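# Summary of the model geometry
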Amino acid sequence: MAAGNCGVVCYGRFIAVCHQDGTDLNGWLVREGWADAYRRYSRDYIRDETEARSARRNIWSGRFDMPWDWRRAQRGG
């Protein structure tokens, strides 16, 4: 597996694109409905997320709160 560092975002977290045997694992996770497209830092996977949502795959098969909305609600804001 290979990962290309795309930068550091807030809280010292890294953004990277991971590949296995030529497959973009980030895209695969989003396309299969196991992850969302994090629009704040990239627009790369929006089409994959739209496809997964339309097909109601995995996290999109029911009610799902985007992580940033869930965190905001937990903080009471």
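All values reported here derive from a predicted model rather than from experimental measurement.

Cut-offs and rules
- Residues numbered from 1 in each chain as written.
- Predicted model: local features only at pLDDT ≥ 70, side-chain atom pairs only at ≥ 80, totals over all residues.
- Heavy atoms only, no water.
- Helix = DSSP H or I, 4+ residues; strand = E, 2+ residues; numbered from the N terminus.
- Areas by Shrake-Rupley, 256 points an atom, 1.4 Å probe, with all protein chains shown as cover.
- pLDDT = per-residue confidence, 0-100.
- Salt bridge = Lys/Arg side-chain N within 4 Å of Asp/Glu carboxyl O.
- Buried < 20%, exposed > 50% of the residue type's maximum accessible area, 1.4 Å probe, protein only.
- Patch = residues over 30% accessible without salt bridge, like charges linked within 9 Å, V, L, I, M, F, W, Y side chains within 5 Å.
- Phe/Tyr/Trp six-rings, centres within 6.5 Å; stacked < 30°, edge-to-face > 60°.
- Arc of directions from axis to C-beta.
- Contact = heavy atoms within 4.5 Å.

## With respect to the overall build of the protein
Helix and strand counts for the protein come out as three helices and three strands. When the elements of the protein are put in sequence order from the N terminus, they spell out β-β-β-α-α-α. Per element, the accessible surface of the protein, about 5800 Å² overall, is 50% carbon and sulfur.

## Description of the confidence of the model for the protein
This prediction gives the protein a mean pLDDT of 88; 86% of its residues lie at or above 70. By mean pLDDT, the top-scoring element of the protein is helix 2 (residues 46-55) (97), and the lowest-scoring one is strand 1 (residues 2-8) (65).

## Structural notes on the pattern of salt bridges
Under the criterion given, the structure shown has six salt bridges. Put simply, Arg57 and Glu51 hold a salt bridge, and the shortest N to O gap is 3.4 Å. Judged by its relative accessible area of 25%, Arg57 is partly exposed. Look at Glu51 and you get partly exposed, because its relative accessible area is 37%.

## Quick notes on a nonpolar patch on the surface
On the surface, Trp28, Leu29 and Trp34 cluster together into a nonpolar patch covering about 320 Å² of accessible area. Within the secondary structure layout, Trp34 lies in the loop between helix 1 (25-31) and helix 2.

## Focus: the packing of aromatic side chains
For the structure on display, the rule yields two aromatic pairs. Ring geometry for Tyr38 versus Trp68: centroids 5.0 Å apart, planes at 20 degrees, classification stacked. Remark: Trp68 occurs in helix 3 (residues 67-74) and Tyr38 occurs in the loop between helix 1 and helix 2; sequence separation between them is 30 residues. Note on Trp68: relative accessible area 26%, which makes it partly exposed.

## As for helix 2
Because the α-helix completes a turn every 3.6 residues, residues three or four places apart line up on one side. Here helix 2 has its buried residues at Ile46, Asp48, Glu49 and Ala52. Seen along its axis, helix 2 keeps its buried residues to an arc of 155 degrees; they face one direction. Across helix 2 from its buried face, at more than 90 degrees, point the exposed residues Arg47 and Ser54. Of the surrounding secondary structure, the elements contacted by the buried residues of helix 2 are helix 1. Backbone geometry just after helix 2 places Arg56 at a positive phi near 55 degrees.

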